[in-house]
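Coordinate inspection notes
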Amino acid sequence: MRGIFSHTMAPLLRLGALAAALLFIAAVGVAQGQQPGLLRVPDRSPPTRANQDRVVLPVDNAGGFAGLWNVLSENAGVSAMHLAVMRHGKAIMFDTTTTGPSLMPLPPGNCRPDPRSDPPGGMDCSAHAVEFDYNTGAVRPLKVLTDTWCSSGAFDGDGMLVQTGGYFEGVKVVRHLNPQGNADWVEFPNSLAEGRWYGTTQVLPDGRFIVIGGRRAFSYEFVPAAGQANAHFTPLPLLRDTTDDVENNLYPFVHLLPEGTIFLFANDRSIVFDPQNGQVIRELPKLNGGARNYPASGMSALLPLDLRRGERLSAEVIVCGGAPKEAFKVGEFNKFPHALRDCARINPSKPAAKWAIDFMPVGRVMGDMLILPTGDLLLLNGAAQGCSGWFFARQPVLTPFLYSPRKRRGARFRALAASNIPRMYHSSSAVLPDATVLVAGGNTNSAYNFTGVDFPTEVRVERYTPPYLAPELVASRPDIDMASVPANGVKYGGKLSFKFTSPGPAVAEADMKVSMYSPPFTTHGFSQNQRLLVLQVSDFKPDGNRYKITAHVPSKPTLAPPGYYMVFVLVKGLPSKAAWVKIHQ
């Protein structure tokens with residue numbers, strides 16, 4: 001959210017007037033039948049010329065159904081700068097306390113003391129986080145005490161959302177959110193040794209969290225247990241070496257490799273290092289062409305780990321898009337360079353690893369990259385010009401791309417059906433247990449602003465139905481018998497057995513596969529801790545249209561850190577709804 005450094009804070013002075021207007025229309029919203037307490041979305045001004053300058057590619061219909069968009073909710077109450085899907089059927093969306101009043105008030109008598117109010121002693125009565133029911137669209141306000149602006153997070157072994165850092169009074173805070181009941185945030189101030197604003201959190205094989213980087217934080221540390229505090233952090237020279245005049249190394253890309261080491265990418269350079277002792281194992285070749293991390297904001301993922309032939313893997317990392325290194329600097333003068341088109345893959349565990357370059361149909365910055373249950377990747381949101389920051393991008397890209405990593409280079413991208421909602425800065429997305437995709441957020445402004453701007457604050461939430469859920473296939477979709485899934489989870493090296501039905505033609509073992517997906521924490525175009533594994537099936541027993549399947553659980557947490565995973569069964573590429581399965585020691 002770098003625009004704060006290049007634009008005055010004058011827009012914040014208008015927040016008082018905005019708050020009064022929102023309170024005035026609250027009763028109107030209730031009268032119109034929307035959820036009580038949720039304020040009505042103000043009327044948006046007509047689209048500007050910049051808003052209408054959108055990138056929509058011709059749909060590639062050669063592969064059949066190209067997906068379907070629908071608006072799940074007209075108003076989530078907050079704009080989803082941060083997004084995480086929890087195992088109790090809800091998504092957590094939140095932004096920052098700096099954007100002023102949201103469209104979801106806190107319950108009466110439950111306001112937040114505002115440490116930056118003028119005059120001092122003021123209260124903030126807006127929710128800056130909500131629990132969103134993606135089945136019904138219902139929202140529940142959550143109370144954030146400290147500023148979560150541009151923070152990070154991950155899930156622990158029990159499905160607790162552990163959230164780290166932020167801005168101002170929130171920069172060293174650790175927050176917990178329990179998925180059970182009607183829990184709210186529990187905050188632990190001064191837990192971190194160094195401020196973590198734009199840092200990245202990664203779950204380690206032993207269940208701990210490492211948080212890396214942040215503004216002027218050239219270091220890492222391990223997130224302490226609830227109520228404890230770190231006294232020290234560990235310097236990480238790559239972060240200092242890759243900073244530049246606009247800090248193109250924020251929100252570094254971090255992936256846990258199957259060996260238990262960390263792949264770390266910052267700006268245009270990357271290393272493999274051991275988080276246990278801090279030793280750098282190898283430095284990888286530079287990825288030329290521009291910058292990939294915030295504010296240049298490319299995309300990255302660890303490609304799916306296929307265990308069907310054993311656990312000796314050759315894991316690959318992919319990095320796509322980004323912006324020229326000077327994009328933020330020239331954005332100060334309303335110049336918007338083209339986003340990067342290249343899409344590069346590397347095997348970081350190979351001593352002589354090199355980047356293999358492919359090209360997207362159009363450049364993309366601020367996009368999201370999600371791993372689908374099939375093992376394909378979905379690239380969506382973002383823009384074709386500019387970079388992250390308030391007002392610093394143009395040409396929203398409305399066409400998602402399907403990326404098939406197993407196809408030959410040059411034939412991996414497919415243009416899918418486009419949305420009609422620009423999702424620019426501060427947008428987010430997430431794979432849901434029903435194998436659809438939740439898409440939300442977008443706010444290129446310093447406050448909730450619906451008029452007089454090129455890209456109004458976006459509180460609408462969409463659901464995207466990917467190509468594998470074509471209407472003609474849905475009736476044949478496999479269905480997991482949730483009662484047959486082990487309620488207490490499974491242990492490393494053990495067996496995962498469950499039953500499923502398939503109403504279509506008889507299923508042969510060769511027709512199906514089992515994948516397991518770790519739900520990530522998504523913000524600023526990077527889905528932290530996203531991971532998909534394809535499991536080895538050891539037993540398959542058909543009984544009419546009912547089947548019992550047994551799959552091997554990964555033998556070690558370096559392959560799959562402890563926690564809850566979405567487990568899908570796929571028949572000829574058609575995924576079931578997921579079962580939540582806990583993996584533990």
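Since the structure is predicted, the reported quantities are computational estimates derived from the model, not experimental observations.

When helices and strands are tallied, the protein chain shows five helices and 45 strands. Taken over the C-alpha trace, the protein chain has a radius of gyration of 23 Å; the compact-globule value for 585 residues is 25 Å, and the two agree within 12%. The dimensions of the protein chain, computed from C-alpha atoms along their principal axes, are 70 × 55 × 50 Å. Expressed as a percentage of the 585 residues in the protein chain, the buried residues total 63%.

Time to look at the pairing of strand β33 (residues 461–465). The element β33 is largely enclosed, with a buried count of five among its five residues. Of the two faces of β33, the one holding Val461, Arg463 and Thr465 and the one holding Glu462 and Tyr464 are both buried throughout. Sheet analysis places strand β1 (residues 68–73) next to β33, joined by five bridges and oriented antiparallel. Residue pairing in the sheet places valine 71 in a bridge with glutamate 462 of β33. Pairing analysis gives three bridges linking strand β32 (residues 437–441) to β33, with the strands arranged antiparallel. Each bridged residue has a counterpart across the sheet, and for valine 437 the counterpart in β33 is tyrosine 464.

Here the focus is the UniProt feature "domain: Galactose oxidase-like Early set" (unreviewed entry) in the protein chain. As recorded in UniProt, the feature "domain: Galactose oxidase-like Early set" (unreviewed entry) lies at residues 477–583. Structurally, residues 477–583 comprises 0% helix and 55% strand, and the distance from its first C-alpha atom to its last is 26 Å.

A few words on the sheet that holds strand β2 (residues 82–85). The sheet built from six strands is open, its strands ordered β7-β6-β3-β2-β38-β39 with antiparallel pairing. The outermost strands of the open sheet, each flanked by one partner alone, are β7 (139–142) and β39 (526–528). The sheet shows a mean angle of 20° between the axes of neighbouring strands, taken without regard to direction. Taken together, the three bridges between strand β38 (residues 521–523) and β39 define a ladder with antiparallel strand orientation. Across the sheet, phenylalanine 521 pairs through a bridge with glutamine 528, a residue of β39.

The pLDDT averaged across the protein chain works out to 93; a share of 94% of its residues lies at or above 70. The low-confidence segment residues 1–33, where pLDDT is below 50, has 61 contacts with residues more than four positions distant or belonging to other chains.

Note that serine 270 resides in strand β18 (residues 269–273). Setting aside chain neighbours within four positions, we find serine 270 in contact with Phe263, Leu264, Phe265, Glu283, Leu284, Pro285 and Trp355.

Okay, unusual backbone geometry next. At the junction of aspartate 118 and proline 119, the peptide bond is cis and its omega measures out at 5° in the coordinates. Tracing the sequence through the fold places proline 119 in the loop between β4 (112–113) and β5 (123–124). Each neighbour pair has its own omega, and for tyrosine 294 with proline 295 the value is 5°, a cis peptide bond. A positive phi angle, near 65°, is found at methionine 366, a position not held by glycine. Within the secondary structure, methionine 366 sits in the loop between β24 (356–359) and β25 (368–371).

Let us look at the packing of aromatic side chains. Counted under the stated rule, the structure contains 23 aromatic pairs. Measuring from centroid to centroid gives 5.7 Å for tyrosine 220 and phenylalanine 273, while their planes differ by 45°, and the two rings are tilted. A residue pair is termed long-range when its members are at least 10 positions apart, and tyrosine 220 in strand β14 (residues 219–222) and phenylalanine 273 in strand β18 qualify at 53 residues. For the pair shown, tyrosine 220 and phenylalanine 273 are each scored as buried. These aromatic residues form a ring-pair network of at least three members: Trp149, Tyr167, Phe168, Trp197, Tyr198, Tyr251, Tyr294, Trp390 and Tyr425. Just above the ring of tyrosine 564 sits the side chain of arginine 87; from NZ or CZ to the centre is 4.2 Å. Looking at arginine 208, its charged tip hangs above the ring of phenylalanine 222, at a distance of 4.2 Å from the centre.

What follows deals with the pattern of salt bridges. The full count for this structure, using the stated rule, is 28 salt bridges. Between arginine 215 and glutamate 247 there is a salt bridge whose closest N-O contact spans 2.3 Å. Pair noted here: arginine 215 is in the loop between β13 (209–212) and β14 and glutamate 247 is in the loop between α4 (237–242) and β16 (253–256), with a separation of 32 residues, a long-range link. One connected set of salt bridges, linked through shared partners, spans Arg112, Asp114, Arg116, Asp124, Asp147 and Glu169.

The subject of this paragraph is the nonpolar core. Across soluble globular proteins, nonpolar side chains show a tendency to be buried alongside one another. Membership of the largest hydrophobic core comes to 69 residues, with the highest contact counts inside it found for Met93, Phe132, Ile318, Leu377, Leu379 and Leu438. Excluding its chain neighbours within four sequence positions, the residues that come into contact with leucine 377 are Ala301, Leu303, Pro304, Ile318, Met369, Leu370, Ile371, Phe401, Leu402 and Tyr403. Of all hydrophobic cores here, the second largest spans 45 residues; its members include Met512, Val514, Leu559 and Val567.

For the rest of this paragraph, the subject is the environment of serine 476. Tracing the sequence through the fold places serine 476 in the loop between β33 and β34 (479–480). Taking the C-alpha atoms as reference points, serine 476 and glycine 504, 28 residues apart in sequence, are found 4.6 Å from one another. Those residues within four positions of serine 476 in sequence are excluded, and the remaining contacts are Ser502, Pro503, Gly504 and Leu574.

Counting across every chain of the model gives two disulfides. Note on cysteine connectivity: cysteine 111 is disulfide-linked to cysteine 125, with sulfurs 2.0 Å apart. Handedness here is read from the sign of the S-S torsion; for cysteine 111 and cysteine 125, about 105°, the answer is right-handed. Of this pair, cysteine 111 sits in the loop between β3 (90–94) and β4 while cysteine 125 sits in the loop between β5 and β6 (129–133), and the two are 14 residues apart along the sequence. Of the residues examined, cysteine 125 reaches a relative accessible area of 37% and is grouped as partly exposed. Note on cysteine connectivity: cysteine 320 is disulfide-linked to cysteine 343, with sulfurs 1.7 Å apart. Where cysteine 320 bonds to cysteine 343 through sulfur, the torsion about that S-S bond is close to 50°, and the disulfide is right-handed. Residue cysteine 320 is found in strand β22 (residues 317–320), and its partner cysteine 343 is found in strand β23 (residues 342–346); the two are separated by 23 residues along the sequence. For cysteine 320, a relative accessible area of 0% corresponds to the buried category.

Here is what the cut-offs are and how they apply
- Per-chain numbering applies: the sequence of each chain, read as written, is numbered from 1 onward.
- It should be noted that, the model being predicted, local features are given only for residues of pLDDT at least 70 and side-chain atom pairs only at 80 or more, the latter also being counted only at that level, while totals for whole chains, interfaces and linings use all residues.
- In computing side-chain properties, one takes all heavy atoms of the structure into account and sets aside hydrogens as well as water.
- The way it works is that DSSP assigns letters per residue, a run of H or I at least four long becomes a helix, a run of E at least two long becomes a strand, and they are numbered from the N terminus.
- To get the radius of gyration, use the C-alpha atoms; to get the globule rule, take the number of residues to the power 0.38 and multiply by 2.2 Å.
- Any residue under 20% of the maximum accessible area for its type is buried, any over 50% is exposed, and the rest in between are partly exposed; the area is computed with a 1.4 Å probe on protein chains only.
- Strands qualify as paired when DSSP identifies two bridges or more between them.
- UniProt positions are given in the numbering used here, feature names are shortened, and annotations may be inferred rather than shown by experiment.
- All axes here are fitted lines through C-alpha atoms, helices being fitted over the stretch that makes contact, and every angle between N-to-C directions spans 0 to 180 degrees.
- A score from 0 to 100, pLDDT tells how confident the predictor is in each residue.
- Contacts are residue-level and defined by heavy atoms, with any inter-residue pair within 4.5 Å sufficient.
- Two aromatic rings, drawn from Phe, Tyr or Trp (for Trp, its six-membered ring), form a pair once their centres lie within 6.5 Å of each other, and the interplanar angle then sorts them: stacked below 30 degrees, edge-to-face above 60, tilted otherwise.
- Working rule: Lys NZ or Arg CZ, within 6 Å of ring centre, within 35 degrees of ring normal, means a charge sits over the ring.
- What counts as a salt bridge is simple: a side-chain nitrogen of Lys or Arg found within 4 Å of a carboxyl oxygen of Asp or Glu.
- Think of a nonpolar core as a cluster: buried Ala, Val, Leu, Ile, Met, Phe, Trp, Tyr and Cys residues, connected wherever their side-chain atoms sit within 4.5 Å.
- By convention in this document, the label disulfide applies to cysteine sulfur atom pairs within 2.5 Å.

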